[in-house]
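Residue-level listing of the chains:
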Amino acid sequence: MSLTSIVGTFMAPRQKKIEQHHVHEAEAVQNDVLTHLVNRAKATEYGRHHMFNTIRSYDDFAKHVPVNTYEELKGDIDRMRHGEADVLWPGTVKWYAKSSGTTNDKSKFIPVSKEGLQRIHYQGGTDVVALYLRNNPSSRMLDGKGLILGGSHSPNYNLANSLVGDLSAILIENINPLVNFIRVPKKQTALLSDFEVKRDRIARECLNKNVTNLSGVPSWMLSVLVRVMELSGKQHLEEVWPNLEVFFHGGIAFTPYRS
């Protein structure tokens with residue numbers, strides 16, 4: 001039995017649960033998530049200020065918690081980045097995803113908690129694979145390598161083990177080590193900050209691998225694939241990676257890159 005088949009069998013209960021939530025229980029799931037988050041954060045400074053301990057429903061939440069812009073939370077986030085605990089989320093948050101510009105700042109920094117990594121980002125990625133395998137039972141995507149693109153990161157205010165950078169880089173830095181057996185390029189290459197150097201190294205490392213799936217922002221991936229084609233001398237990508245079957249993407253719309 002192939003690794004893909006084994007993983008597909010293991011994911012079957014999750015596939016059924018996703019379908020059940022999507023079709024029949026979407027509102028209930030959302031309410032459960034809201035209740036969980038409010039309860040987790042009720043002892044934080046923000047939770048105390050907005051009376052999280054009295055919130056029992058969405059209407060209560062809407063009554064006590066205003067709609068905030070990033071600028072209104074920026075001061076709290078900066079305190080968190082300097083190591084303060086229990087501000088917007090329990091304990092300290094070590095990782096901050098650097099995102100696009102806002103009205104008053106060149107960039108915004110989104111706190112990424114341990115729970116967020118596991119229950120949003122990694123769970124979301126796992127669910128996407130689960131749905132893909134459900135819809136494509138003959139898939140062999142896990143029997144080869146996944147080309148996963150990432151950005152880069154840097155120290156956050158020189159705090160120990162605290163990082164700021166692209167979300168993709170934070171995900172690669174914290175990924176389950178077992179995933180490294182089925183992904184390319186090397187971690188050191190994936191996290192290089194100079195994209196031109198990284199682009200060339202990724203293409204060279206992956207050129208002769210059995211790449212079966214791609215993950216990353218379409219614009220970055222297209223640049224890497226152009227370099228792969230240049231190095232290979234081939235006319236079509238399927239000549240380089242004949243077993244390539246799926247591209248998982250995020251960040252921007254895929255439509256301009258479809259051709």
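In this report, the structure presented in the accompanying data block is examined.

Cut-offs and rules
- Residues numbered from 1 in each chain as written.
- Predicted model: local features only at pLDDT ≥ 70, side-chain atom pairs only at ≥ 80, totals over all residues.
- Heavy atoms only, no water.
- Axes fitted to C-alpha atoms, helices over the stretch in contact; angles between N-to-C directions.
- Helix = DSSP H or I, 4+ residues; strand = E, 2+ residues; numbered from the N terminus.
- Parallel < 35°, antiparallel > 145°, perpendicular 65-115°, else oblique.
- Contact = heavy atoms within 4.5 Å.
- Left-handed = near helix turned anticlockwise from the far one by under 90°.
- Nonpolar A, V, L, I, M, F, W, Y, C, P; charged D, E, K, R; others polar.
- Buried < 20%, exposed > 50% of the residue type's maximum accessible area, 1.4 Å probe, protein only.
- Arc of directions from axis to C-beta.
- Phe/Tyr/Trp six-rings, centres within 6.5 Å; stacked < 30°, edge-to-face > 60°.
- Lys NZ or Arg CZ within 6 Å of the ring centre and 35° of its normal.
- Pairing = 2+ DSSP bridges.

1. Concerning the packing of helix H1 (residues 3-24) against helix H6 (residues 114-135)
Step number 1: Here H1 crosses H6 at 105 degrees, and the two axes come no closer than 8 Å. Relative to H6, H1 is oriented roughly perpendicular. Contacts from Thr4, Val7, Gly8, Met11, Arg14, Gln15, Ile18 and Glu19 in H1 reach Gln123, Thr126, Asp127, Val129, Ala130, Leu131, Leu133 and Arg134 in H6.

2. Let's talk about the packing of helix H9 (residues 195-206) against helix H10 (residues 218-232)
Step number 1: Interaxial distance between H9 and H10 falls to 9 Å at its minimum, and their mutual angle equals 55 degrees. Here H9 lies oblique to H10, going by the angle between them. For the pair H9 and H10, the crossing hand works out as right-handed. Across the interface between the two elements, Phe195, Arg199, Asp200, Ile202, Ala203 and Arg204 from H9 touch Trp220, Ser223, Val224, Val226, Arg227, Val228, Glu230 and Leu231 from H10.
Step number 2: Broken down by class, the residue content of the contact of H9 with H10 amounts to 8 nonpolar, 1 polar and 5 charged.

3. Some points on helix H5 (residues 70-81)
Step number 1: If you check which residues of H5 are buried, you get Tyr70, Asp76, Ile77, Met80 and Arg81. The buried residues of H5 occupy an angular sector of 145 degrees when the element is viewed end-on, so they sit on one face.
Step number 2: Residues of H5 that are buried sit in contact with helix H3 (45-49), strand E1 (95-99), strand E2 (108-112) and strand E5 (163-165).
Step number 3: Note on H5: the residue one or two positions beyond its end, Gly83, has a positive phi of about 105 degrees.

4. Quick look at the packing of aromatic side chains
Step number 1: Counted according to the given criterion, the structure contains 4 aromatic pairs.
Step number 2: Measuring from centroid to centroid gives 5.8 Å for Tyr132 and Phe248, while their planes differ by 85 degrees, and the two rings are edge-to-face. Linking Tyr132 in helix H6 with Phe248 in strand E8 (residues 246-248), this pair joins segments that are 116 residues apart in sequence.
Step number 3: Between Phe247 and Phe254, the aromatic rings sit 5.6 Å apart at their centres with planes inclined by 70 degrees, giving edge-to-face as the arrangement.
Step number 4: We classify Phe247 as partly exposed; its relative accessible area is 24%.
Step number 5: Just above the ring of Phe109 sits the side chain of Arg81; from NZ or CZ to the centre is 4.1 Å.

5. Digging into the sheet that holds E1
Step number 1: Sheet architecture is open: 4 strands sit in the order E2-E1-E5-E4, paired in mixed fashion. Of all strands in the sheet, those with a lone pairing partner are E2 and strand E4 (153-155), marking the two edges. This sheet shows a mean twist of 30 degrees between the axes of neighbouring strands, independent of strand direction.
Step number 2: Of the strand pairs in this sheet, E1 and E5 are connected by 3 bridges, and their pairing is parallel.

6. Section: unusual backbone geometry
What you tend to see is this: most non-glycine residues have negative phi, and most peptide bonds are trans.
Step number 1: For the bond running from Val184 to Pro185, omega is 0 degrees, close enough to zero to count as cis.
Step number 2: Within the secondary structure layout, Pro185 lies in the loop between strand E6 (183-184) and helix H8 (187-190).
Step number 3: Although it is not a glycine, Met51 adopts a positive phi angle of roughly 55 degrees.
Step number 4: Looking at where Met51 falls in the secondary structure, it is placed in the loop between H3 and helix H4 (58-64).

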